[in-house]
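Geometric and topological summary
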Amino acid sequence: MPRRKIRAHYEHMSEFETGRAIGLKEAGWSNRLITRNLCRSDAAIRRCWLKWVKNGRMQRQDGSGRSRAITEREDRAIVRMAVAALESTLSTIQRVSGTQVSKMTINRRLRERNLRARRPLQCLPLTPVHRQVRLQWCRERSTWNCTDWGRIALVTSPVSYCVLTTVANVSGDVLGSVWILALLLNTTQVHNRALWSGIQCADAFRMLTVAYGEATLNRSNVYRWYKMFSEGREDVNDEECAGRPSTSTTDEKINEVEKIILANCRITVREVAEDLNISIGSCHSIFINDLGMRRVAAKFVPKLLNCNQKQHRMNIANAMLDSVRDDPNLLQRVITGDEAWVYGYDVETKAQSSQWKLPHEPRPKKARQVRSNVKVLLTVFFDCRSVVHHEFLPQGRTVNKEYYLQVMRNLREAIRQKRLDLWKNKNWLLHHDNAPAHTLLLVRDFLAKNNTLMMPQPPYSPDLAPCDFFLFPILKRPMKGRRYATLDEIKTASKEELKKIF
């Protein structure tokens, strides 16, 4: 049997794990980091990414692989038997179901439904009064150190173990697995005689695993600390390393580096090292370990907002959150829309132009290209269900008040035909940005005359407009790198991508 740490390498990746691997790969993660994060083999991540790049899908192809030995009806029957009798074993389910399948197949069917065998956690049956008293006792001693705990003798009983677990949970990261292990192995001088707790290392490791879960030390470290505590060690901190004392990472140097950084945030590590006459490695260690700083690039935003605009944006966001809390179905009645240019040729992204190559092959090259002049303006309005209305700007026209007023008329007609419930109740909300054509007096009078409710949009905030951060990026991504000769081809491709999104 494979070890527990690499057992996932022998199992099929679920759709969630496949999508997570593809997302991390598109975010720029390397295969090594993804394999460590997902506990999967490098070959599985590589095959998943190749399938996504080649076919554009992550699901297994229909009909691929050996056909299942049992039907979906039998799968549901197995799941019902497991849910009805939680203490039933795989052998019992196999015998009762009457199917000619192995216990491994039944186990896989249950795991597909997120049903896994777990031993029940043993705990003491406490009343609410007992729990309150125990919690108060633990809070009073949550700030104790090893010296305070050294004045008492621990007893190897479920009560003392539950107390230690509660103290660890109350104190958080203050205690830690090593400190609890020291408490379990604590020696106390009582009548000039050392009283040992008598807990074996395997039992201590099991208690730590139940108390801390995945945050527990591994087995080798627990055995190492167990040996050191058994030999008489009382300090849980790491010993100081022997060697020449550091002359660069002193408190004076750290303060000088901090002053230089506060005076000029764009200074480099090399410049600071030359000014203070220390090595680049020591200076970098002060930046990262002592000051907790890291160098980042400035984030690009459409416009830097002043204090009044930031306050206005925050007020609108809080008002929208309050409205959603009062009416949970508010967002289902919002119809949002915007305009965007769709080009005959748009430059493909860096991820789209990447390709695989052999070690002896040269790196592929591509010439710098620009967007084509052939383009058409697309106007889209949609809600949580699908697209409500879309149209293209006629050739030779611009987005002015007359054009946008006609768009509003067409939108109302589309709502009357496609959203009868919203049209009859007249409770739908219109959301668009603050473009000049959207806020003209003629358009506002038309909306007020027809009692159209408006959802506010703060200025210079594309991150709050669903068209800017959701619809248009997904719409344009498959069209980048492709050439469309005429406007009709652009319109046809845009309509097809809209249908794929919704």
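As a reminder, the structure under discussion sits directly above these lines.
Bear in mind that the values here come from a model prediction, so they are computed numbers and not experimental data.

Basis of the calculations
Residues numbered from 1 in each chain as written. Predicted model: local features only at pLDDT ≥ 70, side-chain atom pairs only at ≥ 80, totals over all residues. Heavy atoms only, no water. Helix = DSSP H or I, 4+ residues; strand = E, 2+ residues; numbered from the N terminus. Buried < 20%, exposed > 50% of the residue type's maximum accessible area, 1.4 Å probe, protein only. Contact = heavy atoms within 4.5 Å. Areas by Shrake-Rupley, 256 points an atom, 1.4 Å probe, with all protein chains shown as cover. Patch = residues over 30% accessible without salt bridge, like charges linked within 9 Å, V, L, I, M, F, W, Y side chains within 5 Å. Salt bridge = Lys/Arg side-chain N within 4 Å of Asp/Glu carboxyl O. 1 Å grid on protein atoms, 1.4 Å probe; cavity = no way out; pocket = protein on both sides within 12 Å on 5 of 7 lines; lining within 4 Å. Points joined across faces, edges and corners; volume = space filled by probe spheres on them. Nonpolar A, V, L, I, M, F, W, Y, C, P; charged D, E, K, R; others polar. Pairing = 2+ DSSP bridges. Expected span 1.5 Å × (residues − 1). Arc of directions from axis to C-beta. Axes fitted to C-alpha atoms, helices over the stretch in contact; angles between N-to-C directions. Left-handed = near helix turned anticlockwise from the far one by under 90°. Lys, Arg positive; Asp, Glu negative; His and termini not counted. Charge placed at Lys NZ, Arg CZ, Asp CG, Glu CD.

1. Points about the overall build of the chain
Tallying secondary structure elements over the chain gives 22 helices and 7 strands in all. Of all 502 residues assigned to the chain, the portion counted as buried reaches 30%. Summarising the internal contacts of the chain: among those between residues at least 6 apart in sequence, 64% fall at separations of at least 24. Of the roughly 35100 Å² of accessible surface on the chain, 52% is carried by carbon and sulfur atoms.

2. Points about a nonpolar patch on the surface
Side chains of Phe469, Phe470, Ile474 and Phe502 sit close together on the surface and give an oily, nonpolar patch of about 340 Å² of accessible area. Locating isoleucine 474 in the fold gives a position in helix α21 (residues 466-476).

3. Re the layout of surface pockets
The computed volume of the second largest pocket comes to approximately 980 Å³. What lines the second largest pocket is a set of 21 residues, among which Glu26, Trp49, Trp52, Gln352 and Arg477 lie closest to the centre. Among the secondary structure elements, those contributing two or more residues to the lining of the second largest pocket are α1 (15-26), α3 (42-55), α17 (350-353) and α22 (487-501). Partitioned by chemical class, the residues of the lining of the second largest pocket number 9 nonpolar, 5 polar and 7 charged.

4. Looking at the pairing of strand β4 (residues 375-382)
Most of β4 is tucked away: 7 of the 8 residues are buried. In this structure, strand β3 (residues 334-343) lies alongside β4, joined through 8 bridges in antiparallel fashion. Each residue of the ladder has a partner; that of glycine 337, found in β4, is phenylalanine 381. Note: β4 against strand β5 (residues 387-392), 5 bridges, orientation antiparallel. Bridge pairing links leucine 378 to phenylalanine 392 in β5. Between β4 and the antiparallel strand that follows it, β5, lie 4 residues.

5. A word on helix α4 (residues 72-84)
Between its terminal C-alpha atoms α4 stretches 18 Å, which fits the 18 Å expected from 13 residues at 1.5 Å a residue. Every buried residue belonging to α4 is among Asp75, Ile78, Val79 and Ala82, and all of these are buried. End-on view of α4: buried residues confined to an arc of 95 degrees, all on one side of the axis. Opposite the packed face of α4, turned more than 90 degrees from it, sit the exposed residues Arg73, Arg80 and Ala84. Buried residues in α4 make contact with α5 (90-97) and α6 (103-112).

6. Quick word on the packing of α1 against helix α2 (residues 31-38)
Look at α1 against α2: their axes get within 10 Å of each other, and the N-to-C directions meet at 145 degrees. Viewed along their axes, α1 and α2 form a crossing whose handedness is right-handed. In this structure, α1 uses Glu17, Arg20, Ala21, Leu24 and Lys25 to contact α2, whose residues at the interface are Asn31, Ile34, Asn37 and Leu38. For the contact of α1 with α2, a count of residues per class yields 4 nonpolar, 2 polar and 3 charged.

7. Here we look at unusual backbone geometry
Outside of glycine, negative phi angles account for most residues, and trans bonds account for most peptide bonds. Phi angles above zero are rare outside glycine, and lysine 426 is one such case at about 55 degrees. The topology assignment puts lysine 426 in the loop between α19 (420-425) and β6 (429-431). At tyrosine 460, a residue that is not glycine, the phi angle is positive and equals roughly 55 degrees.

8. What to know about a negative patch on the surface
A surface patch of like charges, here negative, comprises Asp251, Glu252, Glu256 and Asp290. In this structure, aspartate 251 sits in helix α13 (residues 251-263). A relative accessible area of 61% places aspartate 251 in the exposed class.

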